[in-house]
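Okay, here's what each chain looks like letter by letter:
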Amino acid sequence: MSGEPALMSLTAVAKAIAAKQLSSREVTQSCLDRIAKWNPRLNAFMALEADDALKAADAADAALAKGGPKGVLHGVPLAHKDMYYDEGKVVTCGSKIRKDFVAPTTSTALQRLKDAGTVRLGSLQMVEFAYGPTGHNPHYGAVRNPWNTDHITGGSSSGSGSAVAARLTFAALGSDTGGSIRMPAHFCGVTGLKTTVGRVSRAGAMPLSWSLDTVGPLAQTVEDCALLTQLMAGADPEDPTASDLPVPDYMAAAKQPIRGLKIGVPSAFYVDDLDAEVARVLDETLAVLKKEGAEIVKVDLPDQRQLTAACQFVLATEAAALHKRWMIERPQDYGAQVLMRLQNGLAIPAVSYLEAMRWRGPALSAYLTAVEGTDAVIAPVAPMPAVTIAESDVGNSLEAEAVIQRITRFTRPINYLGLPSLSIPTGFTRSGLPVGMQIIGRPFDEAMLIRIGAAFQRVTDYHQKVPKLS
Amino acid sequence: MTRPTAKEIRAMSDVADVPVDNDVAARIANSIGPAFEGFAPVSGTLPFDLEPATFLLVRAPQVTK
């Protein structure tokens, strides 16, 4: 096969390895070559395990020569956010506190991908304890956006967004508690799927907020995300909150047309105070979906600001409870912003936290009533494209929370409601920064989002654009 | 619903065994305060028989077509 294997999509490279058109070693070496060129500029990798990756690739090639592939991702090299436990490996969670933590088990999501035959490239950078939307990390340095290295990647799955965009890995696991998959996908121009709470097991994934945490992939294409979610989703005895609802055929959903579907566009909140270029891209995205046969309708959603506030109560309180021991014993080992945000949880009375938890059902019910008759809702992921690293480096200053709130304004309500949301690249600004839109679905209806997103990617090429190393 | 003052936050953090000084308490009040204002329309309005598990019931059978 001609060309650089690392530039292929996950599904395409997996097929090429299975068909013996490419070896796992060739593919792995191609990723390592790009990592060598790009990573010094991006800081996307937490740990690179080049020798072990090549050994594993050789073993995969030898196994394939003897028999059939181990699974649908046989010999495909991947790296993931450094919060997924991998037995015997150091998992830093982006922190100083866990810089030497050796995982005692392997997370279910990661194990299911390993069972499909993947090769480990190393681990990817992230925001400290996944608690921040920009990609800054005071311990390991900010991760940089491959489209313009002066700009943020978004967080907290910062390394995942940067590495997938630069084609250093074919896909990467992220996690989304307040927008941490969708924001890096939007800012870095890749596809990211925030799954329904409970769709993918959280066992062995570092917790931030047990009510809101979700596991999901970032990859080049919707089809890639569909394949990874297919492999990871489903019941898990290690995580009693993982749903036992049947997992639909997501790959089949990716092939369905969208003619006749009704897609809602919020009449307020998600379309207010947008950067002009994000507003333009939203209009262009709607035009594409319309051309493909979808009907675009306005939807009047309940007050989303209340959802944002409720999300903040739940997230801040649960994060503070999880971190309390270290807040007492090792406060000096946190970055200033993360410590400040953890301390926020101390100010929320138990009754307010429980009110936010009690309101979740009625709030979801009101949302579902508002979108009745539509198949999904589309909205921007953030009001703006990636801001610069310098302007968003606010630490624990008085304006920090306002900056964080502005960036996460359109993602947090969805986390509170526990809904699935697919972020797809849908355009670029005049200065060359990517812009993404999120397609929001009903609980456990990832298949519908995959159907719409894949249809969009069949007739556009934003997801195929690759940043150039200047 | 009233946003907590720095003084109240100091007391709450003391009770939680994670004491903070005046500056930190003031920063927390500034940071989390807007969430109290955002949630004010909901606070104190929820019906008696509502529990968090209602969320699981509402989200269960919602898949389209």
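For clarity, every value in this text was computed on a predicted model and none was experimentally measured. (Residues numbered from 1 in each chain as written. Chains lettered and ligands numbered in written order. Predicted model: local features only at pLDDT ≥ 70, side-chain atom pairs only at ≥ 80, totals over all residues.)

Student: I'd love a proper account of the overall build of chain B, names of residues and values included.
Tutor: Scanning chain B for helices and strands turns up three helices and zero strands. Counting from the amino terminus, chain B carries its helices and strands in the arrangement α-α-α. For a compact globule of 65 residues, the expected C-alpha radius of gyration is about 11 Å, and chain B comes in at 18 Å, more than 25% above that figure. Across its three principal directions, the C-alpha atoms of chain B cover 55 × 25 × 25 Å. Here chain B holds 65 residues, and 29% of them are scored as buried. (Helix = DSSP H or I, 4+ residues; strand = E, 2+ residues; numbered from the N terminus. Rg over C-alpha atoms; globule rule 2.2 N^0.38 Å. Buried ≥ 20, exposed ≤ 12 C-beta atoms within 10 Å, placed from the backbone.)

Student: Which residues make up unusual backbone geometry, and what are the values?
Tutor: Trans is the common state for peptide bonds, and a negative phi is the common state for residues other than glycine. All names here are of chain A. Put simply, G155 and S156 share a cis peptide bond, and its omega is 10°. Examined against the element boundaries, S156 turns out to sit in the loop between β3 (119–124) and α5 (158–165). Its identity is not glycine, yet F129 carries a phi of approximately 50°, on the positive side. Within the fold, F129 resides in the loop between β3 and α5. The class of F129 is buried, set by 26 C-beta atoms lying within 10 Å. With phi around 65°, F269 is a residue other than glycine that occupies positive phi space.

Student: Let's hear about helix α11 (residues 336–344) of chain A: which residues, and what values?
Tutor: Counting buried residues along α11(A), eight of its nine residues qualify, which places the element largely inside the surrounding structure. Burial in α11(A) covers these residues: Q337(A), V338(A), L339(A), M340(A), R341(A), L342(A), Q343(A) and N344(A). Looking at the buried residues of α11(A), the elements they touch are α10 (304–329) and α14 (400–407) of chain A together with α2 (22–39) of chain B. (Contact = placed C-beta atoms within 7 Å.)

Student: Hey, could you go over the environment of A356(A) for me, with residue numbers and the actual values?
Tutor: For A356(A), the location among the structural elements is in helix α12 (residues 350–358). The exposure class of A356(A) is buried, given the 28 C-beta atoms found within 10 Å. If we skip the residues at most four places from it in the chain, A356(A) touches A310(A), F313(A), V314(A) and F39(B).

Student: If you had to explain the sheet that holds strand β2 (residues 77–81) of chain A to someone new, which residues and values would you point to?
Tutor: All names here are of chain A. Judged by pairing direction, the sheet is mixed, and its three strands sit side by side in the order β1-β3-β2 without closing on themselves. Two strands bound the open sheet, and with one partner strand each, they are β1 (45–48) and β2. Sheet twist, expressed as the average angle between the axes of neighbouring strands with direction ignored, equals 35°. Here five bridges tie β2 to β3, and the two strands are oriented parallel to one another. Bridge pairing links P77 to V119 in β3. Its contacts with the sheet put helix α3 (residues 50–66) on β1, β2 and β3, and the angle it makes with β3 is roughly 155°. (Pairing = 2+ DSSP bridges. Axes fitted to C-alpha atoms, helices over the stretch in contact; angles between N-to-C directions.)

Student: Account for helix α9 (residues 276–291) of chain A, with residues named and values stated.
Tutor: All names here are of chain A. With 16 residues, α9 should reach 22 Å at 1.5 Å per residue; the first-to-last C-alpha distance of 23 Å fits that figure. Taken residue by residue, α9 has V278, V281, L282, T285 and L289 as its buried positions. Here the buried residues of α9 occupy an arc of 105° about the axis, which is enough to place them on one side. Facing away from the buried side of α9 by over 90 degrees, the exposed positions are A276, D283, A287, K290 and K291. Against the buried residues of α9 lie β7 (262–266), β8 (295–299), β9 (376–380), β10 (421–428), β11 (434–440) and α16 (446–458). G293 sits one or two residues past α9 and shows a positive phi near 105°. (Expected span 1.5 Å × (residues − 1). Arc of directions from axis to C-beta.)

Structural measurements only, silent on function.
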